[in-house]
Amino acid sequence: MTQPKPPSGGLEGLAVLVTGGGTGIGRACAARLARDGAAVTICGRTKAKLDQAADTIAAGAAHGGRVQVVAGDVTTETDVVRMVETATALTGRLDGCVANAGGGGLPAPYHLQDTEEFLRVLHLNVLGTMLCVKHTVPHMRAAGGGSFVGMSSLAGHRTHLYFGAYPVAKAGIEQMMRNAADEYGAARIRFNAVRPGFIATEMMDVIPRGGSTYASYLAQTPLEDVGEPEDVANLVRFLIGPEARWITGTVIDVDGGHQLRRGPDFGEFVPHPADVRTGKLP
């Protein structure tokens, strides 16, 4: 009698680096990958958060999946090199990277943007992603291929008033993924980006649920709700896995349909936004 095959998670033996893996979307992505058998390395700037996340991820890991942590800053090249080497050490190879580390700054119209803050946001999102591409590609090429997922945002292609560098940075990540997909296709390395809309993470807790900004998100979302980190993680797991072998150079929305309408209005966080819109500039 033929014995049934044991259940398979589909990612057994794959080693994946997840940046910004200590909280929110990054933590959910790492947990989803480990649950299907991947050897996951999570990184971020705060080791205490990473350790806490690793405990949760390890508790749900299956099919041989495991997790390790490494602290570092994606905008510091020596840190990125160390993160990648640590991730590779788990299995002797690297099969994927989820470049999730990123973030925005204080909202303000462009004529009031602080230049240093603008550059900080660009570095965190664009430079951080580029350094991950730079240092993971040689390892994935040596492994015979791999999958790289860049984390964009609804803000990468829909206006987000007063978001400064953030929409610019996310649009840059999308184009970086397209270019890299073209450059490294012959090496069988796939590059795709994911565009989350409003996802209920710690970063979005600053938006009052009864305020006008939150209401504007719901009004512009056909599914009339906000997403969960797991909604993004499920797509990321697909893109990392072999099921997505013929998908590269794409940007996929995870936003409840928000991309069909217009971006949110963060006017409640900016002093006198009406003055900006009517041309009464200070």
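Above this text sits the structure in question.
What counts as what
- Residues numbered from 1 in each chain as written.
- Predicted model: local features only at pLDDT ≥ 70, side-chain atom pairs only at ≥ 80, totals over all residues.
- Heavy atoms only, no water.
- Helix = DSSP H or I, 4+ residues; strand = E, 2+ residues; numbered from the N terminus.
- Expected span 1.5 Å × (residues − 1).
- Buried < 20%, exposed > 50% of the residue type's maximum accessible area, 1.4 Å probe, protein only.
- Pairing = 2+ DSSP bridges.
- Axes fitted to C-alpha atoms, helices over the stretch in contact; angles between N-to-C directions.
- Contact = heavy atoms within 4.5 Å.
- 1 Å grid on protein atoms, 1.4 Å probe; cavity = no way out; pocket = protein on both sides within 12 Å on 5 of 7 lines; lining within 4 Å.
- Points joined across faces, edges and corners; volume = space filled by probe spheres on them.
- Nonpolar A, V, L, I, M, F, W, Y, C, P; charged D, E, K, R; others polar.

Draft legend 1. Representation of unusual backbone geometry in the model. Positive phi is not limited to glycine here, since histidine 63 has a value of about 55°. When you line up the elements, histidine 63 lands in the loop between α2 (47–60) and β3 (66–71).

Draft legend 2. Broad picture of helix α5 (residues 165–184). When the terminal C-alpha atoms of α5 are compared, their 28 Å separation across 20 residues agrees well with the 28 Å that a helix rising 1.5 Å per residue should span. Buried residues of α5: Ala165, Tyr166, Pro167, Ala169, Lys170, Ile173, Glu174, Met176, Met177, Ala180, Ala181 and Tyr184, and no others.

Draft legend 3. The sheet that holds strand β4 (residues 96–99), seen in detail. Strand order in the open sheet formed by seven strands is β3-β2-β1-β4-β5-β6-β7, and the pairing between neighbours is parallel. On the outer flanks of this sheet lie β3 and β7 (251–254), each paired with one strand and no other. Pairwise comparison of adjacent strand axes, ignoring direction, gives a mean angle of 20° for this sheet. Note that strand β6 (residues 189–196) and β7 share four bridges and pair parallel. Looking at β7, one finds that proline 196 is bridged to valine 254. Running at roughly 160° to β6, α5 makes contact with β5 (146–151), β6 and β7 of the sheet.

Draft legend 4. Molecular detail of the layout of surface pockets. Its boundaries defined by the atoms lining it, the largest pocket holds a volume of some 1,300 Å³. The wall of the largest pocket is formed by 47 residues, among which Gly102, Gly103, Gly104, Thr201 and Met203 lie closest to the centre. Of all the secondary-structure elements, those providing two or more residues to the lining of the largest pocket are α1 (24–35), β2 (39–44), α2 and α5. With three residues, the single largest contributor to the lining of the largest pocket is α1. Residues of the lining of the largest pocket, tallied by class, amount to 23 nonpolar, 19 polar and five charged. Considering only enclosed or pocket space, the second largest pocket measures out at about 410 Å³ in volume. Contributions of two or more residues to the lining of the second largest pocket are made by β5 and β6. Of the residues that constitute the lining of the second largest pocket, the class distribution is six nonpolar, seven polar and four charged.

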